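A closer look at the structure
Residues per chain are reported as follows:
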Amino acid sequence: VQLETTRGCFNSCTFCVSGRDNLIRSQSLRQVKDRLDNICSHGIKDVRVLDRTFNYDIERACMMLDMFSGYAGKMRFHLEIHPSLMTERLKERIATMPKGLLHLEAGIQSLDRRVLSESGRKGSLESSLDGLRFLCSLDNLQTHADLIAGLPEYSLEMLSKDIVRLVELGVDELQVESLKLLPGTQMRSCAETKGLKYSPLPPYEILQTPQMTPQDLGKAMKISRMIDLYYNSDAWQDIIRELICSTENFLQKFTYHLDDMMILNSPVSLERRGLLLYNYCK
């Protein structure tokens, strides 16, 4: 079940439909508790909280985490948090949550200051990395991080380096997606002046930027597929992390090897993934 407890966002990301909605409206904690009780009574196991930034209000976030703890063993919660807003109180609360209760999506998008500035993303890069390091050090939850190919000023080389940095940090799950220029967003309204070309059809996917050719964006999506096949698989994550971190350009070379074998666009069994990796390394 997807549950919205807060509408609006303090942030001003130009690629997000909530980037222009800075008026934050929240349900009372009593309303949230009633809804969760109803969801739980129907045997539903997973709840995705749709709040754009769960921890924008630290006091409220801590109280909601206390509430979520009461459903340990019955439900699991997926939350979107801003890693730069990690106070010591919030860190302490997250660190003591029951194991397996939380799946945290840490908003990263890019690890380049200029890219984040062009995208209207608030928050210090250093504090975001510190917050992400803390989350990755915990064994009671899963941490998901995402990068967006096609953001202004973002090149394929920069994206590849950011993937390696996140892998080195030890995120549990890594998603690389392409920019969507959604109607109503500030980025779409200034796309022409920034040299951004995108599909006129939903989901309005980016096709070209001054920093990324169509071929570059295609390569980024192939890397994304390789990450899904190997890094986001428990069976292969440890070895693929070691290879990415210890072998120069492994990320790109192995991806293009799989592409040459026409592997990336078809289903691949867990066993075959292992054989492909073994033979490539040998």
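Our structure is the block above this text.
As a convention, each chain's residues are numbered from 1 in the sequence order in which they are written. pLDDT decides what is reported in this predicted model: residues at 70 or higher carry local features, side-chain atom pairs at 80 or more are listed and counted, and totals for whole chains, interfaces and linings draw on all residues regardless. The basis for the side-chain values is all heavy atoms of the structure; hydrogens and waters are excluded.

**Description of the layout of surface pockets**
Volume-wise, the largest pocket comes out at about 680 Å³. Points on a 1 Å grid over protein atoms alone make up a cavity when a 1.4 Å probe fits among them but cannot get out, and a pocket when they form an open set with protein on both sides within 12 Å along at least five of seven lines; lining residues each have an atom within 4 Å of a point. Forming the boundary of the largest pocket are 27 residues, of which Phe15, Cys16, Glu80, Gln109 and Asp146 lie nearest the centre. Runs of H or I in DSSP of at least four residues are treated as helices and runs of E of at least two as strands, each being numbered from the N terminus. Breaking the lining of the largest pocket down by element, the ones donating at least two residues are strand S5 (76–81), strand S6 (102–109), strand S7 (141–149) and strand S8 (173–178). Only Asp, Glu, Lys and Arg are considered charged in this grouping, and only Ala, Val, Leu, Ile, Met, Phe, Trp, Tyr, Cys and Pro are considered nonpolar; every other residue, Gly among them, is considered polar. Classifying every residue of the lining of the largest pocket gives 10 nonpolar, nine polar and eight charged. Grid points are joined across faces, edges and corners, and a volume is the space filled by probe spheres set on the points. What the second largest pocket holds in volume is close to 210 Å³. Listed by contribution, the elements that provide at least two residues to the lining of the second largest pocket are helix H6 (156–169) and helix H10 (250–260). For the lining of the second largest pocket, the leading source of residues is H6, giving four residues. Among the residues forming the lining of the second largest pocket, the class breakdown is four nonpolar, four polar and three charged.

**Re unusual backbone geometry**
With an omega dihedral of 10°, the bond running from proline 202 to proline 203 counts as a cis peptide bond. Among the secondary structure elements, proline 203 is positioned in the loop between strand S9 (197–198) and strand S10 (206–208). Positive phi, close to 70°, is recorded for glutamine 109, a residue that is not glycine. Secondary-structure assignment places glutamine 109 in strand S6.

**Notes on the pairing of S5**
One ladder, built from three bridges, connects strand S4 (residues 46–49) with S5; its direction is parallel. Its bridge partner being in S5, valine 47 is matched across the sheet by phenylalanine 77. Handedness of the crossover joining S4 and S5 through helix H2 (residues 58–69): right-handed. The criterion for strand pairing is that DSSP finds at least two bridges linking the strands in question. Two elements, S5 and S6, share five bridges in a ladder whose sense is parallel. When the sheet's bridge partners are listed, histidine 78 is paired in S6 with histidine 103. Where the polypeptide runs from S5 across helix H3 (residues 88–95) and back to S6, its parallel neighbour, the crossover connection is right-handed. The handedness rule is simple: strands pointing away from the viewer, and a clockwise path from the first strand over the helix to the second, make the crossover right-handed.

**A look at H2**
To estimate the expected span of a helix, count its residues, drop one, and scale the result by 1.5 Å. In a regular helix each residue adds 1.5 Å, so 12 residues correspond to 16 Å; H2 covers 17 Å between its end C-alpha atoms and thus fits that length. Note on exposure labels: buried denotes an accessible area under 20% of the residue type's maximum, exposed denotes more than 50%, and partly exposed covers the range between, all computed with a 1.4 Å probe on protein chains only. For H2, every residue scored as buried is listed here: Ile58, Arg60, Ala61, Cys62, Met64, Leu65, Met67 and Phe68. Here a polar contact is recorded for every N or O atom pair within 3.5 Å, except that within protein the pair must consist of a potential hydrogen donor and a potential acceptor, and residues adjacent in sequence are included only if both atoms are side-chain atoms. Capping the start of H2 is the job of one residue whose side-chain oxygen sits 3.2 Å from the backbone nitrogen of glutamate 59: aspartate 57.

**Here's the deal with empty space enclosed by the protein**
Take a probe with the size of a water molecule and roll it over the atoms, and the empty space left behind shows itself. Following the criterion strictly, the structure yields four cavities of 30 Å³ or more and no others. If you add up the space inside the largest cavity, you get close to 70 Å³. Contributing elements (two or more residues each) for the lining of the largest cavity: S6 and helix H5 (125–136). Here the second largest cavity defines a volume of roughly 50 Å³. Among the residues making up the lining of the second largest cavity, the classes are represented as four nonpolar, three polar and two charged.

**Brief notes about the sheet that holds S6**
If you trace the six strands from one edge of the open sheet to the other, you get S1-S4-S5-S6-S7-S8, paired in parallel fashion. Each of the sheet's edge strands pairs with one partner strand only, and the pair in question is strand S1 (2–3) and S8. Seen against the sheet, helix H8 (residues 214–231) touches S7 and S8 and runs at an angle of roughly 155° to S8. Here, two residues are considered to be in contact whenever any of their heavy atoms come within 4.5 Å of each other. Axis lines are fitted through C-alpha atoms, for helices just across the contact stretch, and the angle between N-to-C directions can take any value from 0 to 180 degrees.

**Comments concerning the nonpolar core**
Leu159, Ile163 and Tyr230 are the most contacted members of the largest nonpolar core, which has 53 residues in total. Ranked by the residues each element gives to this core, the list is headed by H8, at eight residues. Excluding residues within four positions of it along the chain, leucine 159 makes contact with Leu147, Ala149, Tyr154, Val176, Met212 and Ala220. Nine residue types can take part in a nonpolar core, namely buried Ala, Val, Leu, Ile, Met, Phe, Trp, Tyr and Cys, and a core is a set of them joined through side-chain atoms within 4.5 Å. Within the second largest apolar cluster, 31 residues are counted, among which are Ile39, Ala61, Leu65 and Phe134.

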